[in-house]
Amino acid sequence: MTAQMHVPSLLSRAGAVSALTLAAVGGTLLAPGAAPEARAVTSHANKALSIAASKKGAPYRYGAAGPSRFDCSGLTLYAYKKAGKSLPRTAQQQYNKTRHVSAGSRQKGDLVFFHSGGKVYHVGIYAGSGKIWHSPKTGSWVKLDKIWSSKVYYGRVR
């Protein structure tokens, strides 16, 4: 009976050590109640990223939001709508609606907002490794590009 009483406390200590180890190496530990929401955010973001990538080569058209032509915010709107999340229409409105995150906290699927003079003028979806999927301008198409400016904000769709 004494051995049985030690097992739960041993597991508790092992769990605490694992959590501390995970934290020390920069991992993430989710509380049981937080797991579904955290997974849902990642799932929606990954799905939106995949949808945006699947539109590679679709031509740019001002004011277009898919399914075959896009402007910048039309692509992000379309990708997130297909992933089950709603966004407003323009890049500035999308920035206003997202949860702002630092460059160090950015994750694949986050929105990348380009700004000048306090106004957001372009948006894309972060693909990792300093790159975004976006629909840049007239005469261009949906493509993967390196982030070319340091004047960017990051936003996470809730």
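Scroll up for the structure.
Conventions and cut-offs
- Residues numbered from 1 in each chain as written.
- Predicted model: local features only at pLDDT ≥ 70, side-chain atom pairs only at ≥ 80, totals over all residues.
- Heavy atoms only, no water.
- Helix = DSSP H or I, 4+ residues; strand = E, 2+ residues; numbered from the N terminus.
- Buried < 20%, exposed > 50% of the residue type's maximum accessible area, 1.4 Å probe, protein only.
- Pairing = 2+ DSSP bridges.
- Axes fitted to C-alpha atoms, helices over the stretch in contact; angles between N-to-C directions.

### Here we look at unusual backbone geometry
Here is step 1 of the chain: Here the bond from Gly66 into Pro67 is cis, since omega is 5°, no more than 30 degrees from zero.
Here is step 2 of the chain: Counting through the fold element by element, Pro67 comes out in the loop between helix H2 (35–54) and helix H3 (72–82).
Here is step 3 of the chain: Phi at Ser129 takes a positive value of approximately 55°, unusual for a residue other than glycine.
Here is step 4 of the chain: Structurally, Ser129 is set in the loop between strand S3 (119–128) and strand S4 (131–134).
Here is step 5 of the chain: The class for Ser129 is exposed, based on a relative accessible area of 72%.

### A few points about the sheet that holds strand S1 (residues 99–101)
Here is step 1 of the chain: Here we have 6 strands laid out as an open sheet, ordered S1-S6-S2-S3-S4-S5, and antiparallel in their pairing. For this open sheet the edge positions go to S1 and strand S5 (143–146), each flanked by a neighbour on one side alone. Between one strand axis and the next, the sheet turns through 45° on average, direction left out of account.
Here is step 2 of the chain: In the sheet, S4 pairs with S5 via 4 bridges, with the strands oriented antiparallel. Within S5, the residue paired with His134 across the bridge is Lys143.

### Some details on the pairing of strand S2 (residues 111–116)
Here is step 1 of the chain: Across the 6 residues that make up S2, a large majority, 5, are buried.
Here is step 2 of the chain: Pairing of S2 with S3, which is carried by 6 bridges, proceeds in the antiparallel orientation. Bridge pairing links His115 to Val120 in S3.
Here is step 3 of the chain: What sits between the antiparallel neighbours S2 and S3 is a turn of 2 residues, in which Gly117 has the positive phi angle 60°.
Here is step 4 of the chain: Pairing between S2 and strand S6 (residues 152–156): 4 bridges, direction antiparallel. Residue pairing in the sheet places Phe113 in a bridge with Tyr153 of S6.

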